[in-house]
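Now for the letters of each chain:
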Amino acid sequence: MDTSTENGAAAAQAFVADRLNADFAGTGLAEVKFQVDPAWTGEPGDDLILVAGEHEFPLAVEGRGVEQACAFAAYQLQSDAMSELNRPWPELATSHGETVGVLVAPAEVRGIAVWELAGEPFCAIGQLHKAVEAAGMHIK
């Protein structure tokens with residue numbers, strides 16, 4: 001792998017990790033990191049593994065795959081956050097405490113990876129806390 005490809009792969013990994021770590025801050029989950037583990041399929045260099053505490057799963061992040069990687073990882077990590085917190089997460093509420101709904105991270109994406117509320121895009125993955133604040137709500 002040449003240096004520009006390695007730099008691009010590292011930048012893609014950092015981009016995905018930064019977005020996930022921003023959204024899952026405060027859930028009790030370990031910070032997202034990446035490692036290469038050829039044992040997943042036996043093909044050296046093909047196995048980029050997302051590691052968040054005890055949870056590990058392969059992700060492809062190169063090229064246009066960063067959005068799909070963000071979506072799939074958020075989908076997986078949302079289940080971990082709900083297990084850790086023992087409740088739905090991220091559950092939105094108004095400033096008066098009225099429940100608005102629980103955001104969902106769809107596993108598949110066609111454009112930008114987003115959190116959805118009632119089947120409609122709410123915000124891009126990586127912008128959760130800022131978007132909730134801007135909407136005058138909070139996460140329960």
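Structure first, text after, so check above.
Now for a look at the structure at hand. Owing to the predicted nature of the structure, the values given are computational and were not obtained by experimental measurement.

The rules behind each value
- Residues numbered from 1 in each chain as written.
- Predicted model: local features only at pLDDT ≥ 70, side-chain atom pairs only at ≥ 80, totals over all residues.
- Heavy atoms only, no water.
- Helix = DSSP H or I, 4+ residues; strand = E, 2+ residues; numbered from the N terminus.
- Buried < 20%, exposed > 50% of the residue type's maximum accessible area, 1.4 Å probe, protein only.
- Contact = heavy atoms within 4.5 Å.
- Phe/Tyr/Trp six-rings, centres within 6.5 Å; stacked < 30°, edge-to-face > 60°.
- Pairing = 2+ DSSP bridges.

### Describing the overall build of the chain
Assigned secondary structure in the chain consists of three helices and eight strands. Counting from the amino terminus, helix and strand elements in the chain follow one another as α-β-β-β-α-β-β-β-β-α-β. Burial statistics for the chain: of 140 residues in total, 39% are counted as buried. Counting only contacts in the chain whose residues sit at least 6 apart along the sequence, the fraction spanning at least 24 positions is 48%.

### What to know about the packing of aromatic side chains
Under the defined criterion, the tally for this structure stands at four aromatic pairs. A ring pair is formed by Phe24 and Trp89, whose centres lie 5.0 Å apart and whose planes are at 35°; its orientation type is tilted. Pair noted here: Phe24 is in helix H1 (residues 3-24) and Trp89 is in the loop between helix H2 (65-85) and strand E4 (91-94), with a separation of 65 residues, a long-range link. The two residues Phe24 and Trp89 agree in class, both being buried. For the ring pair Phe57 and Phe72, a centre distance of 5.6 Å and an interplane angle of 85° mean the geometry is edge-to-face. Of the two residues, Phe57 is situated in strand E3 (residues 55-58) and Phe72 in helix H2; the sequence distance between them amounts to 15 residues. A relative accessible area of 28% means that Phe72 is categorised as partly exposed. Taken together, the ring pairs connect Phe24, Trp89 and Trp115 into an aromatic cluster.

### Topic: the pairing of strand E5 (residues 99-102)
As paired elements, E4 and E5 share three bridges and run antiparallel to each other. Looking at the pairing, Leu92 lines up with Gly101 of E5. Linkage of E4 to E5, two consecutive antiparallel strands, is achieved through a turn of four residues, within which Gly97 is found at a positive phi near 90°.

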